[in-house]
Amino acid sequence: MEVSTLVLARTRAELRDRVAAWRRQGQLIGFVPTMGALHQGHAALVRRARAECDRVVVSIFVNPTQFGPNEDFDRYPRTEDADRALLESLGVDLLFAPPVREIYPPGDSTRVVVGSVAEPMEGERRPGFFTGVATVCTRLFALVSPDRAYFGEKDWQQLLVVRRLVEDLGLPLTIEAVATVREADGLALSSRNAYLSPAERAVAPLLHRCLVEAAEALRAGEPFPPVRERAVQRLVRSGFAAPDYLDLRDEGTLVPLAAARPGARLFIAARLGATRLIDNLAVPLG
Ligand code: PAF
C-alpha cells in the first residue's frame, strides 16, 4: 500500500517550519500557486516542478483580492478533497491551504501594483485583478520562499506580470512557464470550464480554432484588422458575445501590432453565456 507523504499546512507558521527544515538541508524548492479546482493543466505545472526540484509546495487559495465585486468569488469551484488526492498522486510534498486571515491578516493594507504589462487587456477589463494577483503572489513567495515558481502560459499576461514583479522587487526566485494544456478539441483547460453547459462546451473550442485560423492568415501575410474582423464575426455567429478583446501584441511587452512579426502573439477574452474564457496563441513565422 502506498503511504501518503503530502503534508497539509493551514498556517504561515506550519508552512515556515517545514520549508525552513528543507532549506537548512540545502534542498531546491519548487512552488505551484493555485486557486484549487485542479485539472491536468495544474498537474502539468506540478510534474515540471517535481521533475526539477527536491521539494514541491502547492498552494490552494481562492484569493479574494483578485475578484471584482461582480465576479465569481463566491461560486468559484472549491474541490479540496479531490485536489488533495490529485496532489498526493503527483508526489507533492506540501499543500498550503490557508484561510484568508493567514494571507490577509487583520489590518492588512499593503498592495503590490504592477504597471506596463498589467495595464492592457485583463488589466483594462478587470480593474484591480492584477493588483490582487501581484499582491497574493508576492505574499506567497515571501512565505514559501521557493527557488522556482511555475505558471501556465494560458494566463500569459499573468505570467508577464509575475515576472515583472519578481524582477522589480529583486525576489530570489525564477518564474518558469509551462505550455497550455488543451482538451483534444483545442479548448484550453481552465477551472472555469466547469461552468459551461453541455451546449456551451460544444461551442467553446471555437475560441482556440479562431486563434489558429487567425495565426495562419497572419503568417500568410494578411494584416491584422480584417483577420480580426472575420474571427469576431464567426465567434458572434456561433453564440459568443463580442470579445472583450482580440488583440495581436508583442509577447514580451504587450505592445499592439498591426501585422505578424517575430514574437507576435494573439490574445482573446470572450464570454460564452455566463462564462468568460481567455486564450492566447503564438504566431509562428517562416
Ligand atoms: O492563476 C491562478 O490560479 C491565480 O491567479 C494565482 C496565480 C494562483 C494567484 O491567485
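Analysis parameters
Residues numbered from 1 in each chain as written. Predicted model: local features only at pLDDT ≥ 70, side-chain atom pairs only at ≥ 80, totals over all residues. Heavy atoms only, no water. Helix = DSSP H or I, 4+ residues; strand = E, 2+ residues; numbered from the N terminus. Rg over C-alpha atoms; globule rule 2.2 N^0.38 Å. Contact = heavy atoms within 4.5 Å. Areas by Shrake-Rupley, 256 points an atom, 1.4 Å probe, with all protein chains shown as cover. Lys, Arg positive; Asp, Glu negative; His and termini not counted. Charge placed at Lys NZ, Arg CZ, Asp CG, Glu CD. Pairing = 2+ DSSP bridges. Axes fitted to C-alpha atoms, helices over the stretch in contact; angles between N-to-C directions. Near = heavy atom within 4 Å. Polar contact = N/O pair within 3.5 Å; in protein donor to acceptor, adjacent residues only side chain to side chain.

J.: Any chance you could break down the overall build of the protein for me, citing the residues and the numbers?
T.: On a plain count of helices and strands, the protein comes out with ten helices and nine strands. Rg of the C-alpha trace for the protein: 19 Å, near the compact-globule value of 19 Å for 286 residues, within the 12% margin. Projecting the C-alpha coordinates of the protein onto the three principal axes gives extents of approximately 55 × 40 × 40 Å. The long-range share in the protein, meaning contacts at least 24 apart out of those at least 6 apart in sequence, stands at 73%. Taken as a whole, the protein presents about 13,200 Å² of accessible surface, with 52% of it coming from carbon and sulfur. Looking at charge distribution, the protein has the averaged site of its 36 positive side-chain charges lying 1 Å from that of its 36 negative ones.

J.: Any details on the sheet that holds strand β1 (residues 7-9)? Residues and values, ideally.
T.: Ordered by their spatial adjacency, six strands build an open sheet running β1-β4-β3-β2-β5-β6, and the pairing between neighbours is parallel. For this open sheet the edge positions go to β1 and β6 (174-178), each flanked by a neighbour on one side alone. Across the sheet, the mean angle from the axis of one strand to that of its neighbour is 25°, orientation sign disregarded. Packed on one face of the sheet, helix α3 (residues 80-89) meets β1, β3 (55-60) and β4 (94-96) and runs near 170° to β3. Along the sheet, helix α7 (residues 156-169) makes contact with β5 (148-152) and β6, crossing β6 at roughly 170°.

J.: Can you break down the site of the ligand residue by residue, with the values?
T.: Within the structure, the ligand sits among Pro-33, Thr-34, Met-35, Asn-63, Gln-66, Val-133, Val-136, Phe-151 and Gln-158. The side chain of Gln-66 places a nitrogen or oxygen atom 2.6 Å from an oxygen atom of the ligand. Contacts to the ligand include Gln-158, whose side-chain N or O atom sits 2.7 Å from an oxygen atom. Within the complex, the protein chains bury 89% of what would otherwise be the 290 Å² of accessible surface of the ligand. For the shell around the ligand, the secondary structure elements donating two or more residues are β2 (29-34) and α6 (129-144).

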